[in-house]
Amino acid sequence: MKHLIYLAVFLLSSTFSLSQNTEKQQKIKANLEEYFHFERENIHIQFNKTLYISNENIAFKGYVFNKQSSLPNLNTTNVHLVIYDAKGQVIQRYLFYISLGTFDGIITLDEKIASGNYRFHFYTNWMNNFMEDESFAQNIEIINLNESYNVKINQPDFNTVSVSFMPESGAFIKGINNTIGIQIKDCNELGIQIMEGSLVDSKGKTITTFFTNKMGFWKFELTPDINETYSVKITTDKLKTQKQLPKPINSGLIITYDNNLPNNVLEVSVKTNLDGVNLYQNKNYTLIIHQNGKNIQKEFNFNNKNPIQILTFDKNDLSNGVNSIRIIDENLNEIGERLLYLNKQPKEIPVLETQFGVNDSINLLGKLNSKIANLSISILPANNVCYEQKNSILGTFYLNAYLEKPVLNSYSYFDRKNVTRAFDMELLMLNQEKSKYYWNKIMTNKPKESFKFTKGIAINGTIEKPLDPKSKYKVALISFKHKIFEEAIVDKNNKFSFDNFLARDSTAYQLQLMDEKNLAIEAKMITNILNNNQPFLKNQVFDSANCQPLKDLNKTFAFSNADLEKKRIALNEIVVQNKYKKSIYTHQTEMNNQAAKAYKIGENDFGSALDFIGRNGYATGVDNENSVYIRSTRHEYSGNESVATPTIIIDNFQLFDLNILYDLDLTNIDEIYIDKTGNSNTATGGYGSIKIYLKKGINNGYLKKKHTTLIVKSGFAKIKKFKTTDFLFSKEFDVFGTLLWSPNVFLDSNQIFEVSYPNANQKEILVIIEGFTIDGQLISEIRKIPVSNL
């Protein structure tokens, strides 16, 4: 009878324990899925290079990835770029439009920009919903053209060395074998490779020796005595340092694993010492492996008195890239975490070759196994020093997207020429303290949709005049130059809105109120532009200005603005010819134009009417209310700027809405008469007049209609074509120049791509290719290629 009672109690307690474990697993699963419920996006940027002269254009291609699906993110349309200087001051802001998960841009530098490092920070408004920083940032170095530059030395600064230790999963336990990661780096995060270091005890006795890889990582094993102290000692020609290890703890849990077993088996071990075995009796733990919300859980305990508990997993059930392995106790608290990288999707490697093309050009041909791919390609001279940051799209999406601190120069971990890349990655994972996603946040802070997934910008407004409530009205948004005609309904509150609108930066639009019969109605409107300047709410951390890279003082470049030898002219070869033709002015006798200076607009004149006025004696621009201003430079700072505006007349109609000048091209203008003196009979207030006459056949009907004009400031960045910068000397070009930047390269029906660049007599080129396929396969290749037949 007693045996039956004991059996019943055992079965009841086992059933209760199983029920508790199942309930705990469901809570863990629910919290993970809820925390990662919302779509998360990551951005990778490929720059054509990472060091620029101030007269160059900065070119880049952006790739946007869906973190959960590992596919190009087709929902994202708005990406913001903020450029900071080394002090954290905002230099410029841009908005870029994304299509099918990619975008590209060109930033034109101010030639007066100061030399230094500038942070390019890319983000979306949607990223503000999350506690973690999902944005992308990279430092770019700019050299002012008028300053000399010393090439960096590719070696660490041994005067700023730091040594750090990372016990496996953060636990350093007495009496058992511990694996301890070590990292040696300088203040610029440049890893330091040493050939031999020593682990010594308090008496200086060597316990083991080690070395570090080129990233500055390694590991060693130690069974510590609680009463002993241990130190790492490094003595080389360039580095002499010693650092003490932390004190071991009496008990704890260590996560270790074997990621190199056959048949896709991952073996995870949780180990402790004898004190831990007794301490953890009758306690149940959950070991969870997850990436985002995808997770696998297994229960374990130490009731069998074995200090090592082994659990196996099928790697086919785990995600590509960084996975978190966590131990969770019965109260859903995290005991330890260890990071694991699974390379389940090796990158596709393009086959590349060069050929001579037509017109003295060189063709780069490549072939992929994929049928549909979107690539960006930069080609530099082989000895170029402007691509020192070797990042990879795989490193951004599968590695840095999950790390608390992003890895610089991530390409080494994915470079097929690096035969130790798999072991290098294991060392990197060992030396990570935690992932980006903290367990306590996962369990207590659920993301809320407080910030919208913005698509385009919004232009909304209010009609100021009273409208007939029985009639229906609409507002037409028009740009003749860009062939845009959109309509929005006016509601009962006289409000209208154009949502999800693709408006390029500095584009002028006309807003016209229309009735049911499509007749134009004179009306003043108050307008607003939204979603074009959304801030990123997380603080940016900037590198210390005290940490400077080492420079080679024997390699100094002083960029010349002119090649004096080319400017020498043999006077006896010059033949002077007078080809001057007197301009014939059509409107000079009209409206007292004889008192004004006349300008005949020719075929080679370019820009807008506003640009022309600004080049001829007036201060022009767009104010904070998105309105054009024209001011006499003599009275610009008089304190009464509105009075300092000259009279503007187009085809004998006085213009009160100056915004029209912003989008009025000189190609449509015949003549311009500028009277700065105020002697013209149409001038008022002594600030002169500007009279513009359009060419015959140009429609000026819009001058007679009463409409509101709007200039979109901080709209989507305009599409620009990349142009390589000429250098006066081939030596400068070889070190700093760009042979080709092609941001949008696609495959033909044979899965081949081809780009061409001018022959610059390069015997070898550096090719940087990044991209992704429609099914999410990532492509990243940095390779030096010989140029055929040179």
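Residues numbered from 1 in each chain as written. Predicted model: local features only at pLDDT ≥ 70, side-chain atom pairs only at ≥ 80, totals over all residues. Heavy atoms only, no water.

Engineer: What is the right way to look at the nonpolar core in this model?
Structural biologist: Nonpolar side chains in soluble globular proteins tend to be buried together. Ranked by internal contacts, the top residues of the largest apolar core, which has 72 residues, are Leu245, Leu287, Leu399 and Met429. No other element matches the five residues that helix H3 (residues 393-399) contributes to this core. Every residue in contact with Leu399, bar those within four places of it in the chain, is listed here: Val322, Tyr341, Leu394, Val407, Ser410, Phe414, Met425, Leu428 and Met429. Leu368, Phe727, Val735 and Ile785 belong to the second-largest nonpolar core, a separate cluster that totals 34 residues. (Core = buried A, V, L, I, M, F, W, Y, C linked by side-chain atoms within 4.5 Å. Buried < 20%, exposed > 50% of the residue type's maximum accessible area, 1.4 Å probe, protein only. Helix = DSSP H or I, 4+ residues; strand = E, 2+ residues; numbered from the N terminus. Contact = heavy atoms within 4.5 Å.)

Engineer: Is there a simple way to explain the state of the cysteines in this structure?
Structural biologist: Two cysteines, two sulfur atoms, one covalent bond between them: this is a disulfide. In the structure shown here, the tally under the stated rule is one disulfide. The residue that forms a disulfide with Cys187 is Cys547, at a sulfur-sulfur distance of 1.8 Å. Taking the torsion about the sulfur-sulfur bond, which here is approximately 85 degrees, the covalent link between Cys187 and Cys547 counts as right-handed. Of this pair, Cys187 sits in the loop between strand S12 (178-185) and strand S13 (197-201) while Cys547 is found in the loop between strand S34 (525-530) and strand S35 (551-557), placing the two residues 360 residues apart along the sequence. Cys547 gets classed as buried once you look at its relative accessible area, which sits at 13%. (Disulfide = S-S within 2.5 Å.)

Engineer: Help me understand the sheet that holds strand S31 (residues 495-501), please; the structure alone is not making it clear to me.
Structural biologist: What holds strands together in a sheet is hydrogen bonding between their backbones, with the strands either parallel or antiparallel. The strand order S31-S28-S34 describes an open sheet built from three strands, whose pairing is antiparallel. A strand with exactly one partner marks an edge of an open sheet, and here the two such strands are S31 and S34. Looking at each pair of strands side by side, their axes are set apart by 15 degrees on average, direction ignored. With five bridges connecting them, strand S28 (residues 457-463) and S31 associate as antiparallel partners. (Pairing = 2+ DSSP bridges. Axes fitted to C-alpha atoms, helices over the stretch in contact; angles between N-to-C directions.)

Engineer: Help me understand the pairing of strand S45 (residues 752-758) in this model?
Structural biologist: Each regular strand shows side chains that alternate between the opposite faces of the sheet. The side-chain alternation of S45 yields one buried face, formed by Phe753, Val755 and Tyr757, and one unburied face, formed by Ile752, Glu754, Ser756 and Pro758. As judged from the seven bridges shared by strand S26 (residues 361-367) and S45, these two strands associate in the antiparallel manner. Bridge assignment links Lys367 to a residue of S45, and that residue is Ile752.

Engineer: I would appreciate a short explanation of the packing of aromatic side chains in the present structure.
Structural biologist: Here a ring pair, both rings aromatic, is described through the centre-centre distance and the interplanar angle of the planes. One pass over the structure, following the stated rule, counts 38 aromatic pairs. Through successive ring pairs, a cluster of aromatic residues spans Phe47, Phe60, Tyr94, Phe96, Phe103, Phe120, Phe122 and Phe136. One Lys or Arg, Lys455, reaches over the ring of Phe453 and ends 5.7 Å from the middle of that ring. Here the basic side chain of Arg615 rests over the ring of Phe606, its NZ or CZ set 5.3 Å away from the ring centre. (Phe/Tyr/Trp six-rings, centres within 6.5 Å; stacked < 30°, edge-to-face > 60°. Lys NZ or Arg CZ within 6 Å of the ring centre and 35° of its normal.)

Engineer: I keep staring at the side chain of Thr272 and nothing clicks. Help me out?
Structural biologist: Within the secondary structure, Thr272 is located in the loop between strand S19 (265-271) and helix H2 (274-279). Relative accessible area serves as the criterion here: at 2%, Thr272 is assigned to the buried category. Looking at Thr272, its side chain comes within polar contact range of the main-chain oxygen of Gly252, at 2.7 Å. Ignoring anything within four residues of it in the chain, the contact list for Thr272 reads Ile176, Gly252, Leu253, Val277, Tyr280, Phe302 and Pro307. (Polar contact = N/O pair within 3.5 Å; in protein donor to acceptor, adjacent residues only side chain to side chain.)

These figures come from the coordinates and say nothing about function on their own.
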